[in-house]
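What the coordinates show
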Amino acid sequence: MSFGAGRSLYQRTQQAQDKEVTKRNMRRLIVLSFITLDGVMQAPGAPEEDPSGGFKYGGWSAGYFDDFGGSVMVEQMGHPFDLLLGRRTYDIFAGYWPKAAADDPIAQGINKATKYVVSHRPVNVDWKTSVLIDGDVVAKIKKLKAEGGPELQVHGSGNLIQTLLKSDLVDEFWLKTFPVTLGTGKRLFADGTMPFGFKLLDSKISPSGVIVASYARAGDVKIGSFVQTPAEQARRS
């Protein structure tokens, strides 16, 4: 190997290592979503949550949510985190969580967290520690991830999630998949989602059949084929 080639290899290796160190030091951005078997995430909690597009099935998760689901949410929100929310979800949260019982562990975490709300319209940020993100949203979220601080959790916020997916900003998905199909509604993975592989971090199933699974990014999609080449067929014969 020539000196020039060796130097080039060293530089590429160093750049890759520097990139990995930078990635490890960044805040994780985690999407926590309730979804149906057919991928719908719209209005899981109540009919009035998001009726846009004529959606008629708001509240579809309520009949399957139990103490097990509540304990999962407490576990996932029982450590320091900040929130990154779309405008609609922020307004829903701001109307509920400040008034929740003081001893509610989820309320404690949410009210203590810094709430970053993404909106291109004015927002009432009177709720304690709320910060507006407008303008170049993607650039500002990238900067936010690069700063020190706890993980960034995204709840609800369907339109914001699509921006995050298209911009490759999501590190992990903590999903609760409910045993129901709707056939219509906003989906978690809509058009524009980038192709990536993921690894399963944890999974469990509730008594009502809700699959709780957490995934982290794991490189590219692994493409292969079950069709045997002539050489493979000859070797197996």
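Some remarks on the overall build of the chain
From N to C terminus, the chain includes 7 helices and 8 strands. Within the chain, contacts between residues separated by at least 24 positions form 69% of all contacts whose residues are at least 6 apart in sequence. Approximately 13,900 Å² of the chain is accessible, and the part contributed by carbon and sulfur atoms is 56%.

Points about the pairing of strand E1 (residues 29-36)
Sheet faces and side chains relate simply in a regular strand, where the side chains alternate between the two faces. Burial runs high along E1: 8 of the 8 residues are buried. Every second residue of E1 is oriented toward a common face, with Leu29, Val31, Ser33 and Ile35 on one face and Ile30, Leu32, Phe34 and Thr36 on the other, all of them buried. Across 4 bridges, E1 lies against strand E5 (residues 151-155) in parallel orientation. When the sheet's bridge partners are listed, Ile30 is paired in E5 with Gln153.

Description of the side chain of Asp82
Note on placement: Asp82 falls in strand E2 (residues 81-86). Residues contacting Asp82, with those up to four places away along its chain left out, are Arg27, Ala113, Thr114, Tyr116, Pro150, Glu151, Leu152 and Gln153.

A few points about the packing of aromatic side chains
Following the criterion strictly, the structure yields 9 aromatic pairs and no others. Taken together, a centroid distance of 5.7 Å and an interplanar angle of 45° make the contact between Tyr90 and Trp127 tilted. Taken together, the residues Tyr90 in helix H3 (residues 87-96) and Trp127 in the loop between strand E3 (115-118) and strand E4 (130-133) connect sequence positions 37 residues apart. The same class applies to Tyr90 as to Trp127, namely buried. Taken together through their ring pairs, the aromatic side chains of Phe34, Trp60, Phe65 and Phe178 make up a single cluster. The aromatic ring of Trp127 is capped on one face by Lys115, whose charged end is 4.4 Å from the ring centroid. The ring of Phe196 has Arg217 lying over it, and the distance from NZ or CZ to the ring centre is 3.5 Å.

Focus on the sheet that holds E5
Reading across the sheet, the 8 strands line up as E4-E3-E2-E5-E1-E6-E8-E7 and stay open at both edges, with mixed pairing between neighbours. Looking at the sheet topology across the chains shown, the edges are occupied by E4 and strand E7 (198-205). For this sheet the average axis-to-axis angle between neighbouring strands, irrespective of direction, equals 20°. In this sheet, E3 lies alongside E2 in parallel orientation, the contact comprising 4 bridges. Its bridge partner being in E3, Gly86 is matched across the sheet by Val118.

What about the nonpolar core?
Most often, soluble globular proteins keep nonpolar side chains buried together rather than apart. Trp60, Leu83, Phe93, Trp97 and Ile110 are the most contacted members of the largest nonpolar core, which has 25 residues in total. For this core, the secondary structure elements donating two or more residues are E2, H3 and helix H4 (105-112). Beyond its immediate sequence surroundings of up to four residues, Leu83 is in contact with Phe93, Ile110, Ala113, Thr114, Lys115, Tyr116, Gln153 and His155. Core analysis: the second largest hydrophobic core is formed by 22 residues, Ile133, Leu144, Phe173 and Leu175 among them.

As for the confidence of the model for the chain
Here the chain shows a mean pLDDT of 89. Residues at 70 or above account for 89%. Below a pLDDT of 50 lies the segment residues 13-22, which in the model reaches 0 contacts outside its immediate sequence neighbourhood of four places, other chains included.

Topic: helix H5 (residues 137-146)
Restricting attention to buried positions, one finds in H5 the residues Val137, Ile141, Leu144 and Lys145. The arc that holds the buried residues of H5, viewed along the axis, is 100°, so those residues lie on one side. Opposite its buried face, H5 presents the exposed residues Lys143 and Ala146, each directed more than 90 degrees away. Of the surrounding elements, those touching the buried residues of H5 are E1, E2, E3, E4, E5 and helix H6 (158-166).

Thoughts on the pattern of salt bridges
Counted by the stated rule, this structure contains 12 salt bridges. Among the salt bridges present, the one from Arg27 reaches Asp82, with a minimum N-O distance of 2.6 Å. Pair noted here: Arg27 is in the loop between helix H1 (3-25) and E1 and Asp82 is in strand E2, with a separation of 55 residues, a long-range link. Here the two residues Arg27 and Asp82 agree in accessibility, since each one is buried. Linking Asp91 and Arg87 is a salt bridge whose minimum nitrogen-to-oxygen distance equals 3.0 Å.

Parameters and conventions
- Position labels on residues start from 1 in each chain and follow its written sequence.
- The predicted nature of this model means local features are confined to residues of pLDDT at least 70 and side-chain atom pairs, given and counted, to a pLDDT of 80 or more, with totals for whole chains, interfaces and linings taken over all residues.
- To obtain the side-chain values, all non-hydrogen atoms of the structure were used and water was disregarded.
- Starting at the N terminus, helices and strands are each numbered in turn, a helix being any DSSP run of H or I of at least four residues and a strand any DSSP run of E of at least two.
- Contacts were defined at the residue level, with two residues in contact if any of their heavy atoms lie within 4.5 Å.
- Computed with the Shrake-Rupley method and a 1.4 Å probe, the accessible areas treat only the protein chains shown as cover for residues.
- Throughout, exposure labels follow a simple rule: accessible area from a 1.4 Å probe, protein chains only, divided by the maximum for the residue type, with under 20% read as buried, over 50% as exposed, and the rest as partly exposed.
- Between any two strands, at least two bridges found by DSSP are needed for them to pair.
- Working definition: rings of Phe, Tyr and Trp (its six-membered ring) pair if their centres are within 6.5 Å, and the pair is stacked with planes under 30 degrees apart, edge-to-face with planes over 60 apart, and tilted otherwise.
- Our definition puts a charge over a ring when NZ of Lys or CZ of Arg is within 6 Å of the ring centre and also within 35 degrees of the ring normal.
- For helices, the axis comes from a line fit to the C-alpha atoms of the stretch in contact; other axes are also lines fit to C-alpha atoms, and the angle between any two N-to-C directions lies between 0 and 180 degrees.
- Buried residues of nine kinds, namely Ala, Val, Leu, Ile, Met, Phe, Trp, Tyr and Cys, make up a nonpolar core once their side-chain atoms join them within 4.5 Å.
- For every residue, the predictor states its confidence as a pLDDT score lying anywhere from 0 to 100.
- Note that the arc is defined by the directions from the helix axis to the C-beta atoms.
- Counted as salt bridges are all cases of a side-chain nitrogen of Lys or Arg within 4 Å of a carboxyl oxygen of Asp or Glu.

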